[in-house]
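Results of the structural survey
Now for the letters of each chain:
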Amino acid sequence: MRFEISLPSRPRFADGILLVILIVLTALSPRFLPAGLVGELVLVRTPDAVTELTLDKDGRYPVTGPLGTAFLVVEKGRAHLENAPCPLKICEAMGSINRSGQVIVCLPNRIFVKVSGPEEVDAVSR
Amino acid sequence: MRSPARITTLALLVAGAFALASLERVVPNPFPMVRLGLGNIMTLVAFSILGVSGGAWVTAGRVGLVALLWGGVFSPAAVLSAAGGAASLIVMVPLILSGRFSLYGVSMGGAYAHILGQLTVAMLLYVRSPGLLALLPVMGTAAILTGLFNAWIAGKLTGVLSTQHAGRRTHHAANE
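Remember, it's a predicted structure, so these values are computed and weren't measured experimentally. (Residues numbered from 1 in each chain as written. Chains lettered and ligands numbered in written order. Predicted model: local features only at pLDDT ≥ 70, side-chain atom pairs only at ≥ 80, totals over all residues. Heavy atoms only, no water.)

Let's talk about the interface of chain B and chain A
Counted only if it meets this: Contacts are residue-level and defined by heavy atoms, with any inter-residue pair within 4.5 Å sufficient. By buried area we mean the combined loss of accessible area, with a 1.4 Å probe, across both parts when two parts are placed together. Take a side-chain nitrogen of Lys or Arg and a carboxyl oxygen of Asp or Glu: if they are within 4 Å of each other, that pair is a salt bridge. The way it works is that DSSP assigns letters per residue, a run of H or I at least four long becomes a helix, a run of E at least two long becomes a strand, and they are numbered from the N terminus.
Taken together, the contact between chain B and chain A spans 48 residues of the former and 35 residues of the latter. Taken together, both faces of the contact between chain B and chain A bury some 3700 Å²; the carbon and sulfur share is 72%. At the surface where chain B touches chain A, the tally comes to zero salt bridges. Looking at the side of chain B that touches chain A, the elements that each hand over two or more residues are α2 (39-50), α3 (52-69), α4 (76-98), α5 (103-127), α6 (136-164) and α7 (166-175) of chain B. In terms of residues, the side of chain B that touches chain A owes the most to one element, α5 of chain B, which gives 10 residues.

As structure tokens, then:
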């Protein structure tokens, strides 16, 4: 099974169009997010426990999963993860959250943090 | 069709993709959340010199080997890597067959599809929250940049390989 294909190594016109489309998609992607109101509580789920913390009080809370302990830092009404033990640290890259529906997830360490609040969406149908 | 030369080339490219993907996991990365996706370089080379099925085999081989060697066949990491690989093939193959794109468009489209596929499967299987889309600005920008970089490297590599193996390739083509 051998298709005759042409795959030049110099950029072509269509590549430029694709580049523009992808840049626009990336730049506009935050707008597709459900923009909840500022929430007061965060739900923290680890393999062992589900706890709820308030965003009103600053603090540094240990959250432990199978890989080790990270810290959920609450300051100025926002929460973010620090010192994550996972290899990719995507959870740290998810930044700090304060609006309902926003999440921080660490798949390898099985940690799930979510801001709960009045505007929360249960499901999104597409 | 299944000439020894083709199978050997394919095996080498799969091994190369596996080595690059492993290297990426071992070498410390100052931005761990962003993957270069170096394994895709070998997929692009396979598309160039072996055609559509070659690239598909290299992607499948890499995903399988990485899952076997780097922890659990059904671990979240392996499932997400398979999702990314499948999504990137679903996008790259039509881009190639359209005949309008170079390595750059195919590589960029594949890298972007890879993260979209991963995010979609993560949302469906593990997280169940659209909040995961918050990762798209960081991961999307990274996918565009690494896609362009990988296309550049793959272009260099394809150039070297096709001049070195020009004689063998004509012989190979005559057999088909």
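Examining the pattern of salt bridges
All names here are of chain A. To keep things clear, this is the line we draw: Exposure is judged per residue with a 1.4 Å probe applied to protein chains only, and the accessible area is read against the type maximum: over 50% gives exposed, under 20% gives buried, and values in between give partly exposed.
Scanning the entire structure with this criterion turns up one salt bridge over all chains. Residues glutamate 82 and arginine 60 are paired through a salt bridge, measuring 2.7 Å at the closest nitrogen-oxygen approach. Here the residue glutamate 82 occupies a position in strand β5 (residues 78-82), and arginine 60 occupies one in strand β3 (residues 59-65), the gap between them amounting to 22 residues. Glutamate 82 gets classed as partly exposed once you look at its relative accessible area, which sits at 26%. Residue arginine 60 is classed as partly exposed on the basis of its relative accessible area of 45%.

So, the side chain of arginine 62 of chain B
All names here are of chain B. Quick note on the threshold: Positive charges come from Lys and Arg, negative ones from Asp and Glu, while His and the chain ends are left out of the count.
With respect to the secondary-structure elements, arginine 62 resides in helix α3. For the buried residue arginine 62, which engages in no salt bridge, the nearest side chain bearing the opposite charge is glutamate 24, 8.2 Å off. The residues touching arginine 62, leaving out its near neighbours within four places in the chain, are Val14, Ala17, Phe18, Ala21, Gly39, Asn40 and Thr43.

A few points about the environment of threonine 9 of chain B
Residues and elements named next belong to chain B. Condition: A 3.5 Å cut-off defines polar contacts: any pair of N or O atoms within that distance qualifies, except that in protein one atom must be a possible hydrogen donor and the other a possible acceptor, and neighbouring residues in sequence count only when both atoms are side-chain atoms.
Inspection of the secondary structure assignment puts threonine 9 in helix α1 (residues 4-26). Counting along the chain gives 25 residues from threonine 9 to valine 34, while the straight-line C-alpha distance between them is 30 Å. Among the polar contacts listed, one links the side chain of threonine 9 to the backbone oxygen of alanine 5, at a separation of 2.6 Å.

Section: the packing of aromatic side chains
Inclusion rule: For Phe, Tyr and Trp, where Trp contributes only its six-membered ring, two rings pair if their centres lie within 6.5 Å, and the inter-plane angle classes them as stacked under 30 degrees, edge-to-face over 60, or tilted in between. As a reminder, the over-ring test applies to NZ of lysine and CZ of arginine, requiring each to be within 6 Å of the ring centre and within 35 degrees of the ring normal.
Tallied over the full model, the rule gives one aromatic pair over all chains. Plain terms: the ring middles of phenylalanine 149 of chain B and tryptophan 152 of chain B are 6.3 Å apart, the flat faces sit at 45° to each other, and that makes the pair tilted. One end of the pair, phenylalanine 149 of chain B, and the other, tryptophan 152 of chain B, are both in helix α6, three residues apart, so they sit about a helical turn from each other. Since its relative accessible area comes to 45%, tryptophan 152 of chain B is described here as partly exposed. The ring centre of phenylalanine 71 of chain A lies 4.4 Å from the NZ or CZ of arginine 60 of chain A, which sits over that ring.

Purely geometric stuff here, so don't read any function into it on its own.
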